[in-house]
There are 2 protein chains.
Amino acid sequence: MGTTSKALSLLNFFSRATPQIGLSELARLSGLNKATVYRLLGELAAHGFVEQVGTGREYRLGPAFLRLAALREKNVPMRDVALKHLTELSDATGETAHMSLLNGEVLSNLAYVYSNRHGTMVMMDDAEVLELHSTGSGLAVLAYSPKSFVDEMLSRPLTSRTPQTITDPNQIRALLPSIRTEGIAASVGGFEEDVFSHAAPIFDARSNCIGAMAVAAPVSRMTDTLRMMIRDKLMAHARQTTRILGGFPPDTFPTREPQMMLQKEA
Amino acid sequence: MGTTSKALSLLNFFSRATPQIGLSELARLSGLNKATVYRLLGELAAHGFVEQVGTGREYRLGPAFLRLAALREKNVPMRDVALKHLTELSDATGETAHMSLLNGEVLSNLAYVYSNRHGTMVMMDDAEVLELHSTGSGLAVLAYSPKSFVDEMLSRPLTSRTPQTITDPNQIRALLPSIRTEGIAASVGGFEEDVFSHAAPIFDARSNCIGAMAVAAPVSRMTDTLRMMIRDKLMAHARQTTRILGGFPPDTFPTREPQMMLQKEA
DNA sequence: TATGTCGGTTCATTATTTGAACCATTGGTT
DNA sequence: AACCAATGGTTCAAATAATGAACCGACATA
């Protein structure tokens, strides 16, 4: 691993739960030498990627990200595109629609839209990250990721978020083929109790899966009718989003009108 | 300069005007070897800090910034705080209020608020950067920056944005003492024609100047009355913003009620 | 006063970065 | 069609920058 990667990976230890971290603690977390971490933090700080809290204390993420994020969004208005489709998706289904991007080993939220049709809604959080094994979006991404990546991800200890979370790697692997034939993944209560989530993959210009678009509804509201409607709308909007972002689904991706009634020919 | 700094400085070559850059071009711009740039870009890309456009072409800023910016704003709601005070400032003065943060050699916009009192307003742009020598905000920052930094900044060639832009380093240096005694900087048409800008510095917990809060009005609307009112309100809101962000003005910073009528004692 | 932690610093050893040269492609010019 | 000058990407010995154990002083806590 290059020095730059080490420096950048330090940033991943900052999270919603641990927004600021001391030097020694960060050295411990990263497994790097304290002197190394100190020097790397110094370089990150010089560019505004981290800053020290108060006077000579812990470190936290710096202000440079605001500028770079604004610039990125000006150049590549992903969030805008996503919001447009999420709004339509949310309106059509009456449920929470969201989109997340693959960021290393987890998915990070890009945007989400609530519906106002019901009194209760599945809530999202900007700074929350989604695990690959326990969410519908994660399964959708895994289904369209290279085998080496899947193996890598499933070789780690899989945390059990709820009693419904599937933590057996082989059981998860077994789900992927059917997700691939459908083009959509589903997860019931794997991440949060009582949440039924459908998700479709999003691809970049090289047909790599870069994230997922999803609709999350309370289990109690899920009916066959709603499920069909969600699958239909989600598929269409995910496809459009991929296209508008300049991406292409891989050749293996099912066409919009699935050959449901057709028998496989070989 | 460490390897990490080199990698991070590559990011600064992406701008509103040049949102995507090829490998050779970036090597040329940065003065680094092409192989080096290639490797650094690879590491940046692995963390989502850059990505390649389409298939095997130029590079652009990556999606990771969206997540990190969201996380930063959750932890340190600078923009929220700024917007609150900018709104009040804009309401009180009837003009455009904005705040920017020092980012290396330039100021980058954090937030801005327009007033609806007049038909014409000074417009801002999220991804725009402000030069230190040609803007009110820049002068405010220079006035409260270490001499070494000022020397460094004024030793570069100073671009002339308008005929009114002051490009003589010594002339700029001569402005700084009076800014320091006032606590507020002013610039008339230095950055954009017909824009009269007042700016006050913002400080961090170590009393370093980290940016500026400003009010920008068309020259044609500027009167003594408005000028007084802007200075007053701007001073108050900049002070509050500094405090709420956890910062402290340096000891040399003028108190809220300036000793206007008092003669210097030495 | 003794002990453990912290952020920060040092410097000889080591491992990573570096850069000139080299491909294979692409796109424009003659 | 042949040529040229770009491009993105790759290689490997040489040079440089990163590393980590040990060491500060300061601040807690006991």
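Reading the values: the criteria
- Residues numbered from 1 in each chain as written.
- Chains lettered and ligands numbered in written order.
- Predicted model: local features only at pLDDT ≥ 70, side-chain atom pairs only at ≥ 80, totals over all residues.
- Heavy atoms only, no water.
- pLDDT = per-residue confidence, 0-100.
- Helix = DSSP H or I, 4+ residues; strand = E, 2+ residues; numbered from the N terminus.
- Contact = heavy atoms within 4.5 Å.
- Core = buried A, V, L, I, M, F, W, Y, C linked by side-chain atoms within 4.5 Å.
- Buried < 20%, exposed > 50% of the residue type's maximum accessible area, 1.4 Å probe, protein only.
- Domains from an automatic or database assignment.
- Near = heavy atom within 4 Å.
- Polar contact = N/O pair within 3.5 Å; in protein donor to acceptor, adjacent residues only side chain to side chain.
- Nonpolar A, V, L, I, M, F, W, Y, C, P; charged D, E, K, R; others polar.
- Salt bridge = Lys/Arg side-chain N within 4 Å of Asp/Glu carboxyl O.
- Pairing = 2+ DSSP bridges.
- Buried area = accessible area lost by both parts, 1.4 Å probe.
- Axes fitted to C-alpha atoms, helices over the stretch in contact; angles between N-to-C directions.
- Lys, Arg positive; Asp, Glu negative; His and termini not counted.
- Least-squares fit on C-alpha atoms with pLDDT ≥ 70 in both.

### Structural notes on the confidence of the model for chain A
Residues and elements named next belong to chain A.
Reasoning step 1: Overall, the prediction assigns chain A a mean pLDDT of 90, with 95% of residues at 70 or greater.
Reasoning step 2: Mean pLDDT per element in chain A: strand E2 (residues 50-52) is the minimum at 91, and helix H6 (residues 136-143) is the maximum at 97.
Reasoning step 3: pLDDT under 50 marks residues 258-266. Its contacts with residues more than four places away, or in other chains, come to zero contacts.

### Thoughts on the nonpolar core
As a rule of thumb, soluble globular proteins bury nonpolar side chains together.
Reasoning step 1: Ranked by size, the top nonpolar core spans 146 residues in total, and within it A:Phe49 and B:Phe49 carry the most contacts.
Reasoning step 2: Per element, the largest residue contribution to this core is seven residues, and it comes from strand E9 (residues 209-218) of chain A.
Reasoning step 3: Not counting residues within four places of it along the chain, the set of residues in contact with B:Phe49 comprises A:Leu8, A:Leu11, A:Phe49, A:Phe65, B:Leu11, B:Leu44, B:Arg60, B:Leu61, B:Gly62, B:Ala64, B:Phe65 and B:Leu68.

### Remarks on the domain arrangement of chain A
Reasoning step 1: Examined at the domain level, chain A breaks down into domain 1 (3-66) and domain 2 (76-244).
Reasoning step 2: Centre-to-centre, using C-alpha coordinates, domain 1 of chain A lies 31 Å away from domain 2 of chain A.

### Section: the environment of A:Ser100
Reasoning step 1: Of note, A:Ser100 is situated in strand E4 (residues 96-103).
Reasoning step 2: Separated by 113 residues in the primary sequence, A:Ser100 and A:Met213 place their C-alpha atoms 6.6 Å from one another.

### As for the protein's contact with DNA strand C
Reasoning step 1: Near DNA strand C lie 17 residues; those nearest to it are A:Thr3, A:Lys34, A:Tyr38, B:Asn33 and B:Arg39.
Reasoning step 2: In DNA strand C, atoms within 4 Å of the protein come from the sugar-phosphate backbone in 68% of cases.
Reasoning step 3: Here A:Arg28 contributes a side-chain N or O atom positioned 3.0 Å from a phosphate oxygen of DNA strand C.
Reasoning step 4: One of the side-chain nitrogen or oxygen atoms of A:Tyr38 is found 2.2 Å away from a phosphate oxygen of DNA strand C.
Reasoning step 5: Those elements giving two or more residues to the surface near DNA strand C turn out to be helix H2 (23-30) and helix H3 (34-46) of chain A together with helix H1 (3-10) and helix H3 (34-46) of chain B.

### Some details on the protein's contact with DNA strand D
Reasoning step 1: Near DNA strand D lie 17 residues; those nearest to it are A:Asn33, A:Arg39, B:Ser24, B:Lys34 and B:Tyr38.
Reasoning step 2: Each atom of DNA strand D within 4 Å of the protein belongs either to a base or to sugar and phosphate, the latter forming 68%.
Reasoning step 3: Within the side chain of B:Tyr59, one N or O atom sits 2.8 Å away from a phosphate oxygen of DNA strand D.
Reasoning step 4: Taken together, the residues that form the surface near DNA strand D break down as five nonpolar, eight polar and four charged.

### Considerations on the pattern of salt bridges
Residue and element names in this part refer to chain A.
Reasoning step 1: Applying the stated criterion to the full structure yields 30 salt bridges over all chains.
Reasoning step 2: Here Glu105 makes a salt bridge to Arg156, at a shortest N to O gap of 2.9 Å. With Glu105 in the loop between E4 and strand E5 (106-113) and Arg156 in the loop between helix H7 (147-155) and helix H8 (169-182), the pair connects residues that are 51 residues apart, well separated along the chain.
Reasoning step 3: Accessibility expressed as a relative area gives 42% for Glu105, which makes it partly exposed.

### Some remarks on the pairing of E5(A)
Residue and element names in this part refer to chain A.
Reasoning step 1: The buried fraction of E5 is high, at six of eight residues.
Reasoning step 2: Alignment of E4 against E5, held across seven bridges, turns out to be antiparallel. Pairing of Ser100 across the sheet is with Asn109, part of E5.
Reasoning step 3: Note that E5 and strand E6 (residues 129-131) share three bridges and pair antiparallel. Bridge pairing links Leu107 to Leu130 in E6.

### Observations concerning the interface of chain B and chain A
Reasoning step 1: Chain B puts 50 residues into the contact, and the matching count from chain A is 50 residues.
Reasoning step 2: At the boundary of chain B with chain A, total buried surface from both sides reaches about 4,600 Å², with 62% on carbon and sulfur atoms.
Reasoning step 3: Counting the surface chain B buries against chain A, the share from its top three residues, B:Leu66, B:Arg67 and B:Arg72, is 16%.
Reasoning step 4: Seen at the junction of chain B and chain A, the total is four salt bridges.
Reasoning step 5: Across the pair A:Arg72 and B:Glu51 runs a salt bridge whose closest N-O atoms are separated by 2.7 Å.
Reasoning step 6: There are 12 residue pairs in polar contact (both at pLDDT 80 or more) connecting chain B and chain A.
Reasoning step 7: The set of elements that each furnish at least two residues to the side of chain B that touches chain A consists of H1, H3, strand E2 (50-52), strand E3 (59-61), helix H4 (64-75), strand E4 (96-103) and strand E5 (106-113) of chain B.
Reasoning step 8: At 11 residues, H4(B) tops the list of elements feeding residues into the side of chain B that touches chain A.
Reasoning step 9: Within the side of chain B that touches chain A, the residues separate by chemical class into 21 nonpolar, 16 polar and 13 charged.

### Concerning the sheet that holds strand E8 (residues 195-203) of chain B
Residues and elements named next belong to chain B.
Reasoning step 1: With antiparallel pairing, six strands are arranged side by side in an open sheet as E6-E5-E4-E9-E8-E7. Every other strand in the sheet has two partners, leaving strand E6 (129-131) and strand E7 (185-188) as the edge strands with one partner each. Strand-to-strand twist across the sheet, computed as the mean angle between neighbouring axes with direction ignored, equals 30°.
Reasoning step 2: The strands touched by helix H5 (residues 78-93) within the sheet are E4, E5 and strand E9 (209-218), with E5 carrying the most contacts at an inclination of about 65°.

### Quick word on the side chain of A:Arg67
Reasoning step 1: Inspection of the secondary structure puts A:Arg67 in helix H4 (residues 64-75).
Reasoning step 2: No salt bridge is formed by the buried A:Arg67, whose closest oppositely charged neighbour, B:Glu128, lies at an N-O distance of 11 Å.
Reasoning step 3: When sequence neighbours within four positions are dropped, the list of residues in contact with A:Arg67 reads B:Asn12, B:Asn103 and B:Ser108.

### Regarding unusual backbone geometry
Residues and elements named next belong to chain A.
Reasoning step 1: Residue Asp194 is not a glycine yet carries a positive backbone phi of 65°.
Reasoning step 2: Note on placement: Asp194 falls in the loop between strand E7 (185-188) and strand E8 (195-203).
Reasoning step 3: One non-glycine residue with positive phi stands out, namely Ser207, at about 65°.
Reasoning step 4: By the secondary structure assignment, Ser207 is in the loop between E8 and E9.
Reasoning step 5: For Ser207, a relative accessible area of 24% corresponds to the partly exposed category.

### Quick notes on the relation of the copies chain B and chain A
Reasoning step 1: Between the two copies, chain B and chain A, the superposition gives an RMSD of 0.1 Å; the rotation angle is 180° and the shift along the axis is 0.0 Å. In the structure described here, the two chain copies are related by an operation that fits a two-fold rotation axis. Distance from the rotation axis, computed per C-alpha, reaches its smallest value in chain B at B:Thr4: 2.3 Å.
Reasoning step 2: Taken as a fraction of all interface residues of chain B, those also at the interface in chain A reach 100%, which identifies the copy contact as same-surface.

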